[in-house]
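# Overview (structure and organization)
Listed below are the residues making up each chain.
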Amino acid sequence: VRNYFRMIINSRIEGMKKLGQFMAQFKVDGQKNPDVISINEVHYDNVESAIHQAKILNGWFTEENVRSSFSAWGESLTEEKLNIWLGSYDLSITTKSKSVGIIMAGNIPLVGFHDFLTTVLSGHKAVIKLATDDSLLMPLILEVLTTIDPEFSNYFEIVDRLISVDAVIATGSNNSARYFEHYFGKYPHIIRKNRTSLAVLTGEETKEDLEKLGRDMFLYFGLGCRNVSKIYLPKNFDINRIFEAIYPYNELANHNKYANNYDYNKAIYLLNKEPLLENGFVLFREAKEINSPVAVMLYERYSDLKELKQTINAMRSEIQCVVTNAESFIGAVPFGKAQHPDLWDYADGVDTLEFLLNL
């Protein structure tokens, strides 16, 4: 029996590896891969077209951001990483396939793919409710997967409403989470709410570290829960070092939706006579809270790193990750890696695969 399950898992891993090779082609300056030439003949032009069209459906899905998502998945879906991830689980314990409802978010491109991936690799069927804002890319990726291996078509279904499911994984806002709890609380479930990410500087960061911090702040316009929305600075840290490092992101001001948020928030803060630091494309505001609107970066100065760790640990339920070089922070990730989690970096720290294997 174990050998049979291993054969099935190996087949799925091979399929996902091929998908990763396909997706990696669409990164910025990507090139066609001869290893997936037969898949390209069917899907390459359609996906390339969709990458250009995505921003028509969702103004935040710029070509660069969609390509960043494809690139990240291309780097994650390798045979080595899939085996490292799955190697610590007993995948043979899934004795009966269940229908798992997945309510996907649409804040960044393909943000719901990891839930689909874990569902399929655990032997269950993904019943997918697409996000309105990300309803173009995901179906295309699923089509590619069924071309790679038609067997995958038995493991997913796209629906308008979740009606008959055995478990639910839902991602949304704090408001939608209350709705999800009401309707799906009777099923085994993972329901994710609003979270954000922080950065903690020690003063020993290099210019390269701070440039990478810019990526953690601005990739996907800062809309993801893994994007940094607040920076903790040592008392005497020169904030101009950050402004210099993030200047290459000034082109954000040319994006209409982002610029509207910048202008709106600036007007509100000026009306309220709140002190601001600004550079034409992001507003820096000193504040105690940790959630910031688009085009605003919060900051707070600290004097004791040990006390700060305690403060942040007390807010763990609101935090996705902490970007820092400082040791011993729970959920710490290196600069530049906030929006590039590994397969085993689960949202909200909840082991999705373990949950699915134990249904």
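The structure contained in this document is the topic of the report that follows. Since the model is a prediction, treat every value here as computed from it, not as a measurement. (Residues numbered from 1 in each chain as written. Predicted model: local features only at pLDDT ≥ 70, side-chain atom pairs only at ≥ 80, totals over all residues. Heavy atoms only, no water.)

### Here we look at the sheet that holds strand 4 (residues 167–171)
Read from one edge to the other, the open sheet built from five strands follows the order 3-2-1-4-5, with strand pairing classed as parallel. Each having just a single partner strand, strand 3 (156–158) and strand 5 (189–192) make up the two edges of the open sheet. Neighbour-to-neighbour, the strand axes of this sheet turn through a mean angle of 15 degrees, independent of strand direction. Across four bridges, strand 4 lies against strand 5 in parallel orientation. The residue of strand 5 that forms the bridge with Val168 is His189. (Pairing = 2+ DSSP bridges. Helix = DSSP H or I, 4+ residues; strand = E, 2+ residues; numbered from the N terminus. Axes fitted to C-alpha atoms, helices over the stretch in contact; angles between N-to-C directions.)

### Focus on the nonpolar core
Soluble, globular proteins show a tendency: their nonpolar side chains are buried together. The biggest cluster of nonpolar side chains holds 92 residues, and the ones touching the most others in it are Met16, Phe113, Phe116, Ile231 and Phe284. Broken down by element, this core gets its largest block of residues, seven residues, from helix 6 (residues 137–148). When near neighbours in sequence (up to four residues on either side) are disregarded, Phe116 contacts Met16, Ile102, Met104, Ala126, Ile128, Met138, Leu142, Leu145 and Phe156. (Core = buried A, V, L, I, M, F, W, Y, C linked by side-chain atoms within 4.5 Å. Buried < 20%, exposed > 50% of the residue type's maximum accessible area, 1.4 Å probe, protein only. Contact = heavy atoms within 4.5 Å.)

### Some words on the packing of aromatic side chains
Per the stated rule, a full pass over the model turns up 15 aromatic pairs. An aromatic cluster is built from Phe22, Phe26, Tyr44 and Phe70, whose rings are joined through pairwise contacts. Lying across the ring of Tyr44, Lys32 places its NZ or CZ 4.4 Å from the centre. (Phe/Tyr/Trp six-rings, centres within 6.5 Å; stacked < 30°, edge-to-face > 60°. Lys NZ or Arg CZ within 6 Å of the ring centre and 35° of its normal.)

### A short note on the sheet that holds strand 12 (residues 332–333)
Spatially, the seven strands line up as an open sheet ordered 8-9-10-7-6-11-12, and their pairing is mixed. Every other strand in the sheet has two partners, leaving strand 8 (277–278) and strand 12 as the edge strands with one partner each. Where strand 9 (residues 283–286) lies against strand 10 (residues 296–302), four bridges are found, and the strand directions are parallel. Residue Arg285 lies in a different strand from strand 10, and its bridge partner there is Leu298.

### Re the pairing of strand 6 (residues 196–200)
Most of strand 6 is tucked away, with five of its five residues classed as buried. A two-sided burial pattern is seen for strand 6, the buried positions comprising Thr196, Leu198 and Val200 on one face and Ser197 and Ala199 on the other. Direction of pairing for strand 6 relative to strand 11 (residues 319–324): parallel, over a ladder of four bridges. Within the sheet, the bridge partner assigned to Ala199 lies in strand 11 and is Val323. Sheet topology note: the strand 6/strand 7 (residues 228–234) ladder contains four bridges and is parallel.

### Let's talk about helix 3 (residues 63–76)
If you check helix 3, its first and last C-alpha atoms are 20 Å apart, about what 14 residues at 1.5 Å a residue would give, namely 20 Å. For helix 3, the buried fraction is high: 11 of the 14 residues fall into the buried class. Of all the positions in helix 3, only Asn65, Val66, Arg67, Ser68, Ser69, Phe70, Ser71, Ala72, Trp73, Gly74 and Ser76 are classed as buried. (Expected span 1.5 Å × (residues − 1).)

### Here we look at the pattern of salt bridges
Here the structure, examined in full by the defined rule, presents 13 salt bridges. Among the ionic pairs, Glu48 bridges to Arg67, the shortest N-O distance being 2.3 Å. Taken together, the residues span a long stretch of sequence, with Glu48 in helix 2 (residues 37–57) and Arg67 in helix 3 at a distance of 19 residues. Here Glu48 matches Arg67 in class, with each residue buried. (Salt bridge = Lys/Arg side-chain N within 4 Å of Asp/Glu carboxyl O.)

### Concerning unusual backbone geometry
Residues apart from glycine generally show negative phi values, whereas peptide bonds are mostly found in trans. In this structure, Tyr220 is a non-glycine residue whose phi angle is positive, near 60 degrees. The residue Tyr220 is located in the loop between helix 8 (207–218) and strand 7 in this model. The backbone of Lys273 sits at a positive phi, close to 55 degrees, despite the residue not being glycine.

### Remarks on the side chain of Asn65
Along the chain, the position of Asn65 falls in helix 3. Once residues lying within four places of it in the same chain are set aside, the contact partners of Asn65 are Trp60, Pro109, Leu219, Tyr220 and Phe221.

The values are spatial; any link to function lies outside them.
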